[in-house]
There are 4 protein chains.
Amino acid sequence: MVIVMQRGASILETKEVLRQLAGLGLEARVVDFPDGPNIVVPGVGATTAYKCLEELPGVKEVRLVSSSFKLSSREFKEQNSVVSLSPQVEVGGSEIALIAGPCAVESEEQIVATAKAVAAAGATALRGGAFKPRTSVYSFQGLGEEGIRLLRIAREESGLPIVTEFLDCESLELFGDDVDVIQIGARSMQNFPLLRAAGESGKPVLLKRAMMATAEELLQSAEYILAAGNPRVILCERGIRSFEPSTRNCLDLNTVAVLKEKSHLPVIVDPSHGTGVARYVAPLSKAAIACGADGLLVEVHVDPQAALSDAAQTINPAQFQNLVEELMPVAQAVGRQISASESSRVASPAQFSGLRGSVRFFFPG
Amino acid sequence: MVIVMQRGASILETKEVLRQLAGLGLEARVVDFPDGPNIVVPGVGATTAYKCLEELPGVKEVRLVSSSFKLSSREFKEQNSVVSLSPQVEVGGSEIALIAGPCAVESEEQIVATAKAVAAAGATALRGGAFKPRTSVYSFQGLGEEGIRLLRIAREESGLPIVTEFLDCESLELFGDDVDVIQIGARSMQNFPLLRAAGESGKPVLLKRAMMATAEELLQSAEYILAAGNPRVILCERGIRSFEPSTRNCLDLNTVAVLKEKSHLPVIVDPSHGTGVARYVAPLSKAAIACGADGLLVEVHVDPQAALSDAAQTINPAQFQNLVEELMPVAQAVGRQISASESSRVASPAQFSGLRGSVRFFFPG
Amino acid sequence: MVIVMQRGASILETKEVLRQLAGLGLEARVVDFPDGPNIVVPGVGATTAYKCLEELPGVKEVRLVSSSFKLSSREFKEQNSVVSLSPQVEVGGSEIALIAGPCAVESEEQIVATAKAVAAAGATALRGGAFKPRTSVYSFQGLGEEGIRLLRIAREESGLPIVTEFLDCESLELFGDDVDVIQIGARSMQNFPLLRAAGESGKPVLLKRAMMATAEELLQSAEYILAAGNPRVILCERGIRSFEPSTRNCLDLNTVAVLKEKSHLPVIVDPSHGTGVARYVAPLSKAAIACGADGLLVEVHVDPQAALSDAAQTINPAQFQNLVEELMPVAQAVGRQISASESSRVASPAQFSGLRGSVRFFFPG
Amino acid sequence: MVIVMQRGASILETKEVLRQLAGLGLEARVVDFPDGPNIVVPGVGATTAYKCLEELPGVKEVRLVSSSFKLSSREFKEQNSVVSLSPQVEVGGSEIALIAGPCAVESEEQIVATAKAVAAAGATALRGGAFKPRTSVYSFQGLGEEGIRLLRIAREESGLPIVTEFLDCESLELFGDDVDVIQIGARSMQNFPLLRAAGESGKPVLLKRAMMATAEELLQSAEYILAAGNPRVILCERGIRSFEPSTRNCLDLNTVAVLKEKSHLPVIVDPSHGTGVARYVAPLSKAAIACGADGLLVEVHVDPQAALSDAAQTINPAQFQNLVEELMPVAQAVGRQISASESSRVASPAQFSGLRGSVRFFFPG
């Protein structure tokens, strides 16, 4: 059960609800969202027994939630959530989000050139890794702080909001405000202290599914972020581990359908990690949009063969442009759009200063 | 390596090639296809060492094949194969095949009503189980021979070619000629005697991927059918087993892209078994077509809730009609079509008498 | 629910029980076991509602069975079943069964030499494939009928009962009586017509778990055999498919514990296919015995490197002898034995003529 | 390749080796172990080309290492490593380590009572969670700092070294020195900043395999710890995720054999998380010891049913005592021991002050 308070509800009204709940022996947690406080009562499922609490002053509604996750659930919020990455760029609306860029930031030349190329081809945001989670301690670990600096230059040059991964709370606290979207990678999906820190940042969070996580576990991880007061979460399917050797992972589009049903959060798909094979990125990207994904996260590099990581699954800007063109009719076939004109997406650098995004409601149909 | 003989090649010419191969210490197998004999030399990979054999009389071409499967490979045959189920219905061409029907044939009324309804909605073939592979010995095992008889009535009434599964060589030999397409189910994908019998039948064979089979294993199973002289094989992805509890299986669309790359055989997708959830059939069907599948195998029942098996994953005719309408723009978006008019697909019963299909080549673009 | 009839129960008494069940609207199936008929009522779970039927003449007991499998369940029969392969060899008693031999029968010399060697080293039965299920149609498919003939010679020479796999009903009916144990391989675990034929044969059946079957599905497949009147089933864990590349399969010993809890049937383990690596056979064999397995199925070849199949996972007779010696203290540590002396296990050929095994009850402790 | 320097090698000698490597265009990393510096050259596999470097002053040996992990590999160090948790307790020697305790520290009474009970029953160390990684943000998250304080009391009372999990670098740096062994849980196996921090702590580290990690990925994660100068790593198999519903995870003992072959590090097994079912803990514990595990990590609670987490997989002290007694003969059967007498394991509190463990070499046989 979640008790949704009115936008203007006073602290006293909230406290009174808590007092009543305590009297009923119920534990609760107050989560302040931009549009008002929510009182989450985890111990109570979808029973109507407490509907009467709607009569308390300041209470807007009592939402019955049967699932193990609450604020992320479709039961809590029927409408699709739309997360804005910049004044021009939203994820979860009718427009398909195309987040593109290299696996890792390698140099100013590389990231700026790629940023401009993907912006011209139709990307709505730039991805690039500064802190890389590498299986081997002896592999290139990313440029770290310098990588963040180069991403900011690429943002200035391309006008695209920037998405980058953080591996620990310390670097997230140091550099989180320098970027537009905080990515939590598959290996960190159950790094609970990091999820809390991402929640407290208030920034949009791109949360990737772990390679062995169920849809429910992904939503429970998202709940850590929402329960910290941050509803700006974008879920990302990026492939699960299977026995099949011809792909790096098994991109699981079933879960896109499951997540869209069970949650109001936007869902994007990463066909690059999902398949691990550049020539399978196009067919699976089309499939992702056709089955309801709100966007794509695609690895693009000006020179894939020279990439320091993930070369085999990375496409070049020309291939990305072809992909965007192939995606347009598919998006239209399922009632979505991909904007052709760059100007409609890209902001002028000035607009970014001190940007803080917000969540609004999107009513389909 | 596969040595493709000319259509009119004489037996003596073929024997001479075998003699030469024997002289080189190479074992070979002659496979007669409708368009001429092929000499498969499994022990030889993609080496050009034997290209000179092209100079022998009657030899059309020496195809270099590196993969473990030969006749099923794209290296053996570049063009997509098109398998005809009836004079009107083909799988693998520009038209999307829609094979629909109940999990099991239950009664004349049920199968005829479903057949007419799916034909009206746009189905190109009728599926229905007479011999059911049931996990429990105590579950309904299908109507057997009587089920075949009812399928033939449904074919007469609807004009749709019929697809049904066989579980053993004996029933396949008894009843295979009574149906248009022989289905080999996921549990039988590595039933090698059954694959040989399906090959010898000369009928179109719908071969489903086992729930734990790799793409290569599926193609090696298809090779059993082709190596018996039958090139009329349709591959079917139907979901692999994973750890995810919210779906019955994990429909694996990655493998559609893999199969279309590695093989010339048509590939269809079964979203009903693939997800096990009726409300996920539509999004995954769109995804399947978007990523290049040549058709769908969908469980449709006039009254899903009353179905004796697979109720949870079965849709009704009205839902199937909506699905077909939603699929049309997706098919167009990837350069395929779904015919609206029934007459263009459905044959008059007479046309079926003694039908034997054939394989022809389809040149895309 | 299973209604166990007294050994001497008359047909009339059985029919009366069926009449009463029909009156209650319950479907039932009569299964005749060597120790009397059982009336299986699948539609009834573990309710005590029908305990009163115990008062009917000829009824010995009403067993409440909650699981989806009935005759295979521990609820139906508390005591471990012991299956005898020959007058000297039992599986499921206090003695650990050691079934050893090559993947495939290749020649008289190979199979006889291996049979004598494993008999001398402590094997209790000989395994060898005549009909081989091969992923590739171009691989060695086994010697077929000739392989059966050679196995019979090896039995004469070594005195060991012989275990071999059948792939279809036809060959099982032709040659089943020539061998002591019918093996149903992992790929055939859900070949239901073959399971029925194995049940009707009345011979001991070694049923291997499919590489992605649950414990419950394995027991439901065993139920096909028992429901045909044949309680002489030995279950075999042989590894499931996983994502781990350093072994061929993932030998799943958890399932040994699960099967021993849920079923009275003997359970053996195949560490050769389970790991696919000869040097892992010894540690996993010890683990299998330590966690309660009733025996092992081990691939042994006089010259593993020369084996026509499964060379990488096959050990030689000397390694097998070391394994048996290492296993003895492990078996003792869990209250089981491995007989040192050959004479105690091996029969003289004459004793085999017309052998038909039987099931008796084994009371542990 | 790893260049092992002599214990007393001077900094100048080490620098000279690096200079020579730089001259050869090879990157290297110096890792100081308690017994001397090692120069890891990741880019070089098992080639003998650089054996000549053994002639440089201060160089003890050039080890050829083909695997992706270097310092963790058996190629780098042939002898089993033995990690000491306290002056009395070692893991990796002939004595089997038994680490037991509750999933979570709940209260002083609970942890002290459990500690004393498991010590009396034969445990060699106490496990207990203070910082709990919980899938749901609404579940009990552990007592945190207070939990560490209670573990220290339990150590004083029981004399057992304490093992506890850390989820982030910050708490590890704050409290790592308060415990004897730092546990890195399955969900953190690829939390690379945390692995580095555990390496820098110099404390013994118990590293659990992630539920979908390969053996090689586990060893690559261990390499992060060793490459930070800390060779005191204990690997732990705790079950992988599979499709089988009758157990929580699939305890994978194959990997114990793989790890013991490929690495010199001690390997223990967690049958509690591995199976998720209390009644399967005993058979799988025996199997783990039989296949070569160096110890067990077992969840024991004075009152399992009252446990705040993992109740279903937790055994009570009496069951643990029975388990230890059943394990003794199994350990002996594979040439290991489990000490009966408590005094031989348990230290007096005083001995712990300022303890820093060390690594020594153990020569089997």
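Residues numbered from 1 in each chain as written. Chains lettered and ligands numbered in written order. Predicted model: local features only at pLDDT ≥ 70, side-chain atom pairs only at ≥ 80, totals over all residues. Heavy atoms only, no water.

Draft legend 1. Broad picture of the pairing of strand S5 (residues 80-84) of chain A. Residue and element names in this part refer to chain A. Burial runs high along S5: 5 of the 5 residues are buried. Residues of S5 alternate between two faces, with Asn80, Val82 and Ser84 on one and Ser81 and Val83 on the opposite face, all of them buried. Direction of pairing for S5 relative to strand S6 (residues 90-91): antiparallel, over a ladder of 2 bridges. Counterpart to Val83 in the pairing with S6 is Val91. Linkage of S5 to S6, two consecutive antiparallel strands, is achieved through a turn of 5 residues. (Buried < 20%, exposed > 50% of the residue type's maximum accessible area, 1.4 Å probe, protein only. Helix = DSSP H or I, 4+ residues; strand = E, 2+ residues; numbered from the N terminus. Pairing = 2+ DSSP bridges.)

Draft legend 2. Expanded view of the nonpolar core. Counting residues in each nonpolar core, the largest one holds 198 residues, and the members touching the most others are Leu253 and Phe320 of chain A together with Leu253 and Phe320 of chain B. Not counting the four nearest positions on each side in its chain, Leu253 of chain A is found in contact with Val269, Leu284, Ala287, Ala288 and Cys291 of chain A together with Leu253, Leu284 and Ala287 of chain B. Counting residues in hydrophobic clusters, the runner-up holds 181 residues, among them Ala290 of chain C together with Ala115, Ala213 and Leu259 of chain D. (Core = buried A, V, L, I, M, F, W, Y, C linked by side-chain atoms within 4.5 Å. Contact = heavy atoms within 4.5 Å.)

Draft legend 3. Highlighting the relation of the copies chain A and chain B. Mapping chain A onto chain B is achieved by rotating through 180° and translating by 0.0 Å along the same axis, at an RMSD of 0.0 Å. When the rotation and shift are considered jointly, the pair of chain copies conforms to a two-fold rotation axis. Nearest to the rotation axis, the C-alpha of Ala287 of chain A is located 2.0 Å from it, this being the minimum over chain A. (Least-squares fit on C-alpha atoms with pLDDT ≥ 70 in both.)

Draft legend 4. Expanded view of the packing of helix H2 (residues 108-121) of chain C against helix H3 (residues 145-158) of chain C. Residues and elements named next belong to chain C. Interhelical geometry of H2 versus H3 gives an angle of 35° and a closest axis separation of 9 Å. Crossing of H2 over H3 shows right-handed handedness. Residues Glu108, Ile111, Val112, Ala115, Lys116 and Ala119 of H2 lie in contact with H3, whose contacting residues are Leu150, Leu151, Ile153, Ala154, Glu157 and Ser158. Looking at the contact of H2 with H3, its residues break down into 8 nonpolar, 1 polar and 3 charged. (Axes fitted to C-alpha atoms, helices over the stretch in contact; angles between N-to-C directions. Left-handed = near helix turned anticlockwise from the far one by under 90°. Nonpolar A, V, L, I, M, F, W, Y, C, P; charged D, E, K, R; others polar.)

Draft legend 5. Molecular detail of the interface of chain A and chain B. Taken together, the 38 residues of chain A in the interface contact 39 residues of chain B. Summed over both partners, the interface of chain A with chain B buries about 2,700 Å², with 67% contributed by carbon and sulfur atoms. The largest per-residue losses of area from chain A upon contact with chain B belong to Phe243, Asn254 and Tyr280 of chain A, which jointly make up 22% of the total buried on that side. Put simply, chain A and chain B have 4 salt bridges between them. Across the salt bridge formed by Glu244 of chain B and Arg209 of chain A, the nearest N and O atoms sit 3.3 Å from each other. Of all the secondary-structure elements, those providing two or more residues to the side of chain A that touches chain B are helix H7 (254-262), helix H8 (271-275), helix H9 (281-290) and helix H10 (317-333) of chain A. Class assignment of the residues belonging to the side of chain A that touches chain B gives a composition of 22 nonpolar, 9 polar and 7 charged. (Buried area = accessible area lost by both parts, 1.4 Å probe. Salt bridge = Lys/Arg side-chain N within 4 Å of Asp/Glu carboxyl O.)

Draft legend 6. Structural context of the packing of aromatic side chains. All names here are of chain A. Under the definition given, this model contains 12 aromatic pairs over all chains. In this structure an aromatic cluster arises from ring pairing among Phe131, Phe166 and Phe175. Directly above the ring of Tyr280 sits Arg279, whose terminal nitrogen or CZ lies 5.1 Å from the centroid. (Phe/Tyr/Trp six-rings, centres within 6.5 Å; stacked < 30°, edge-to-face > 60°. Lys NZ or Arg CZ within 6 Å of the ring centre and 35° of its normal.)

Draft legend 7. View of the sheet that holds strand S10 (residues 181-184) of chain A. Residues and elements named next belong to chain A. Spatial strand order, S7-S8-S9-S10-S11-S12-S13-S14: 8 strands in a closed barrel with parallel pairing. Taken over all neighbouring pairs, the strand axes of this sheet differ in orientation by 25° on average, direction set aside. Inspection of the sheet shows S10 paired to strand S11 (residues 205-208) by 3 bridges, in the parallel sense. Opposite Ile182, over in S11, you have Val205 as the bridge partner. Running at roughly 170° to S10, helix H5 (residues 192-201) makes contact with S10 and S11 of the sheet. In this fold H10 packs onto strand S7 (97-101) and strand S14 (295-299), with an angle of close to 170° to the strand it touches most, S7.

Draft legend 8. Seen up close, the sheet that holds strand S8 (residues 125-127) of chain C. Residue and element names in this part refer to chain C. Strand order in the closed barrel formed by 8 strands is S7-S8-S9-S10-S11-S12-S13-S14, with parallel pairing between adjacent strands. Direction aside, neighbouring strands of the sheet carry axes that sit 25° apart on average. Examined bridge by bridge, strand S12 (residues 233-237) and strand S13 (residues 267-269) share 3 bridges and lie parallel to one another. Paired with Glu237 across the two strands is Val269, which belongs to S13.

Draft legend 9. A look at unusual backbone geometry. Look at Asp310 of chain B: it is not a glycine, yet its phi comes out positive at around 60°. Among the structural elements, Asp310 of chain B can be located in the loop between strand S14 (295-299) and helix H10 (317-333).

Draft legend 10. Layout of the confidence of the model for chain A. Residues and elements named next belong to chain A. The predicted model of chain A averages 93 in pLDDT, with 93% of residues at 70 or higher. Across residues 350-365 the pLDDT falls below 50, and counting only partners more than four positions away or on other chains, this stretch makes 36 contacts in the model. Scored as a whole, the predicted complex attains pTM 0.94, and scored at its interfaces, ipTM 0.93. (pLDDT = per-residue confidence, 0-100.)

Draft legend 11. Layout of the environment of Leu26 of chain C. All names here are of chain C. By the secondary structure assignment, Leu26 is in the loop between helix H1 (11-23) and strand S2 (29-33). Spatially, the C-alpha atom of Leu26 lies 8.1 Å from that of Val44, the residues being 18 residues apart in sequence. When sequence neighbours within four positions are dropped, the list of residues in contact with Leu26 reads Leu21, Val41, Val44 and Tyr50.

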